Each structure stands twice: as C-alpha cells, then as structure tokens.
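So the chains spell out like this:
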Amino acid sequence: MSQDSARVERAALETEREPNPVLGLLRTSVGRNAGLVVALLLICVVGAFTAGDRFTSSDNALTILRLAATIGVVSIGMTFVIIGGGIDLSVGAIVALSSVWCTTVATQTMAEDTHWIVMVGVALMVGAGCGLVNGLLIAYGNIVPFIMTLAMLASARGLAEIISDKKTQIIPRQGLAEFFNGDFLGVSVQIWLFALVAIVGWVLLNRTTFGRRTVAVGGNLEAARLAGINVKRHTVYLYVLIGVCCGIAALMLVAKTTTGSSTHGTLYELDAIAAVVIGGTLLTGGRGTIVGTVLGVLIFSTLTNIFILNNRSFSEQSLFKGAIIVAAVLLQQRLASRSNT
C-alpha cells in the first residue's frame, strides 16, 4: 500500500472516530435538559399561535403549573424508582387509596376533634405503607417489580372501592382544603409544594449518599452490592419514597376536588412514566435527572392545555403523547448505542 493510500485510510478512520458534537452534547444531562427547554418553548409558540391570548395570559400559565403539580409530585418519586432500576405501576391506585382512607368518616371525625393535620398524616402513612409492601416483596420476596406493582395496582384500587363502598367521600371546606387551595405570593400553594418536592428530590439525588447509591444500584446491581451497598434495603427505601409522594399527591387531589374517591389517580402511572422517560431517565436505570422530569411534566401539561384550549378530543391528546414517548425512547436508544460504540 502506498504512503498516500495509508494516509487517506488513517484520516478516514480518525474522522469516523471523531464524535459528533451535537450527539455528544445530547448525551450530557445539560444537553438533554437544554433540548427539553427548546421543545417546551416550541410547544409554547404553537400554543400562542393556535390559542392566542387565551394561552399567553398569566392566569393560563398558572393553570398549566397547577395541572402539572399533582402528577409532578408522583413523577419525582417515579424518577428515583426508575433510576434505581425498578418500575411502579401502582402509583395511581395508591393515590386513590390514600385519598379514600384520609377522608373516611373516622379520619374526618378525628381531624375535627384535633386538627386537619391528622388527614395529612393518614394519607402519607397509607402511601408509605403501600410503598413498603411493594419494596419488601420486590427486594426480599424476589418478585419482579412489574408484577408486584401490577398486583398492588389491582389490590389498592380494590381496597379503595371496598372502604368507600364505591362512593365519593365528601369533605367540608375546612382547614385542609383551605390550606392546599390557598395562595402564597400570588401563586397556588400546590405549585409551591411541587417546587419544594422537586428541590428536595434534586438535593437528594445529586448531593447525598442516597442519590449516589440509587444511581449505582440502577447502573449495576452486582457492582453496587460488591461496593458494600445494601441493595435490598435501598430498594425498599425507593418504594417507600414513591409511596410518600403518592400520599402528597392524594392530599393535593382531595383539596382540589374536596373529595376522596377510588377513581382518583387513574392512569397516573402512565403519565408519570411518560414524563420521566421524556425527561431523559433511562428505563434500564442508572441515569436520570430531576430537572428533566420537571421539564417532561411541564411539556405534557402544556400540551394538554393547548389541546383543551383548541377543543381537541382526549383521544387526540393520547395519540400525540404516545408519539412523543416513542420518539423519546428511540432517541435514547440511538444515543445509548452511539455511546457504546
């Protein structure tokens, strides 16, 4: 082979090895989040073009944030579970059970005799309890997360129907509803609560040992075990965490609707997983960001708002969301394959 031919071949190989700067940026968390921000801005432009002042008003912006708040809290918990290599299909049912249990006659009577904080405690304990059952049976019973949480979905929803006798439980407009439906600095308390949960989640994931262990367990379970991490116990913690998030979401729904119902939280599991995947969290575990999840929730909430303002059907919304999820997963796979190469 001549020197010129060898030189050309070496140059071609070096060109192939040269990373694409755009793909390299998208593989970083900053790049992925920047892409989500651009996508959100483009969606807002579409909203402004199709709905005009109805979309661009400050009141509508707060409406979008209020719409995002409840599912956003659940999605923060789902982010931790998926980063840790798991999945939870029972979040909607846990929300329903928590809302029903905290609005029973017995619970409301206790709240009237003492303080409405009793209802808060009951909702959080029910959510944490369901998460504890999920975590124990997944970690120590060696049940696949998909199957275990699917069983919890059916069981929690069924128990909620039994407790409520399939009836909507009304709560009077008392302290709990007034607090969660109130405003602080002109912004709904529910939006502030979503922001607080997101901030706590970000700190927990990025600035604590718990977060590093979550990434390690999801990235390589056996390596995490050999590094001295109690994988089973940590798995339980993750499911208790998402259970607590479900309890918070239940309280927000109870305050918003002034009811506890076995139908609350329907399809929340799909919306939460979709927001997490759109946010860049790998379904295989080991990578994800809270900022990405928040942006994913806002993207879906903004889309829903645009569809409502333009009188589009729920079926069209579902179809469009499904297409976005597929596109996000295909992009993740492409980036992952490039990284491996």
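Residues numbered from 1 in each chain as written. Predicted model: local features only at pLDDT ≥ 70, side-chain atom pairs only at ≥ 80, totals over all residues. Heavy atoms only, no water.

A. Quick peek at the overall build of the protein chain. When you go through the protein chain residue by residue, the secondary structure sums to 17 helices and four strands. Put simply, the protein chain has 341 residues, and 48% of those count as buried. Across the protein chain, every contact between residues at least 6 apart in sequence was considered, and the portion connecting residues at least 24 apart equals 77%. Accessible surface for the protein chain amounts to roughly 16900 Å². Of this, 66% is attributable to carbon and sulfur atoms. (Helix = DSSP H or I, 4+ residues; strand = E, 2+ residues; numbered from the N terminus. Buried < 20%, exposed > 50% of the residue type's maximum accessible area, 1.4 Å probe, protein only. Contact = heavy atoms within 4.5 Å. Areas by Shrake-Rupley, 256 points an atom, 1.4 Å probe, with all protein chains shown as cover.)

B. Representation of the environment of Val74. Within the secondary structure, Val74 sits in helix α5 (residues 58–83). Val74 sits in the buried class, given a relative accessible area of 0%. Between the alpha carbons of Val74 and Val95 there is a distance of 9.1 Å; along the sequence they are 21 residues apart. Setting aside its immediate chain neighbours within four residues, Val74 contacts Val91, Val95, Ile242, Cys245, Ala249, Tyr268 and Ala272.

C. How the structure looks around the packing of aromatic side chains. Considering all chains together, one arrives at five aromatic pairs under this definition. Ring geometry for Phe184 versus Trp192: centroids 5.7 Å apart, planes at 70°, classification edge-to-face. On the accessibility criterion, Phe184 (48% relative accessible area) is partly exposed. Ring pairs connect the aromatic residues Trp116, Phe179 and Phe180, which therefore count as one cluster. (Phe/Tyr/Trp six-rings, centres within 6.5 Å; stacked < 30°, edge-to-face > 60°.)

D. Examining the nonpolar core more closely. Among the nonpolar cores identified, the biggest contains 81 residues, and Val74, Ile76, Met78, Val95, Leu176, Phe180 and Phe194 are the most heavily contacted of them. Top contributing element to this core by residue count: helix α14 (residues 231–257), with 13 residues. Contacts of Met78, omitting those with residues within four sequence positions, involve Asp88, Val91, Ile242, Glu269, Ala272, Ile273 and Val276. (Core = buried A, V, L, I, M, F, W, Y, C linked by side-chain atoms within 4.5 Å.)

E. Local environment of the side chain of Ser301. Tracing the sequence through the fold places Ser301 in helix α16 (residues 290–309). Accessibility expressed as a relative area gives 4% for Ser301, which makes it buried.

F. Representation of α5. Over its 26 residues, α5 extends 35 Å from the first C-alpha to the last, a length consistent with the 38 Å expected when each residue adds 1.5 Å. Within α5, the axis deviates most sharply at Ala69, by approximately 40°. In the stretch just after α5, Gly85 is the one whose phi turns positive, near 90°. (Expected span 1.5 Å × (residues − 1). Bend = angle between axes of the 7 residues up to and from the residue.)

G. Here's a closer look at the packing of α5 against α16. As a packed pair, α5 and α16 sit with axes 8 Å apart at the nearest point and diverge in direction by 140°. On the basis of their axis angle, the class for α5 and α16 is oblique. As α5 packs across α16, the resulting crossing turns out to be right-handed. Where α5 abuts α16, its residues Asn60, Thr63, Ile64, Leu65, Leu67, Ala68, Ile71, Gly72, Ser75, Ile76, Thr79 and Phe80 lie against Ile290, Thr293, Val294, Val297, Leu298, Ser301, Thr302, Thr304, Asn305 and Leu309. (Axes fitted to C-alpha atoms, helices over the stretch in contact; angles between N-to-C directions. Parallel < 35°, antiparallel > 145°, perpendicular 65-115°, else oblique. Left-handed = near helix turned anticlockwise from the far one by under 90°.)

H. Fine view of unusual backbone geometry. Not every positive phi belongs to a glycine, and Asp165 is a case in point at roughly 55°. Among the secondary structure elements, Asp165 is positioned in the loop between α9 (145–164) and β1 (169–170). In this structure, Leu267 is a non-glycine residue whose phi angle is positive, near 65°. Mapped onto the elements of the fold, Leu267 is located in the loop between β4 (259–260) and α15 (268–278). Leu267 sits in the partly exposed class, given a relative accessible area of 40%.

I. Highlighting a nonpolar patch on the surface. Side chains of Val133, Leu137, Ile143, Val144, Phe146, Ile147 and Leu150 sit close together on the surface and give an oily, nonpolar patch of about 570 Å² of accessible area. The set of elements that each furnish at least two residues to the nonpolar patch consists of α8 (117–139) and α9. As for its placement among the helices and strands, Phe146 is situated in helix α9. Assessed through its relative accessible area of 45%, Phe146 is described here as partly exposed. (Patch = residues over 30% accessible without salt bridge, like charges linked within 9 Å, V, L, I, M, F, W, Y side chains within 5 Å. Salt bridge = Lys/Arg side-chain N within 4 Å of Asp/Glu carboxyl O.)

J. Structural context of the pattern of salt bridges. Counted according to the given criterion, the structure contains two salt bridges. Across the pair Glu222 and Arg225 runs a salt bridge, and its minimum N-O distance is 2.3 Å. Placement of the pair is Glu222 and Arg225 together in helix α13 (residues 221–226), with a separation of three residues, close to one helical turn. We classify Arg225 as partly exposed; its relative accessible area is 44%.

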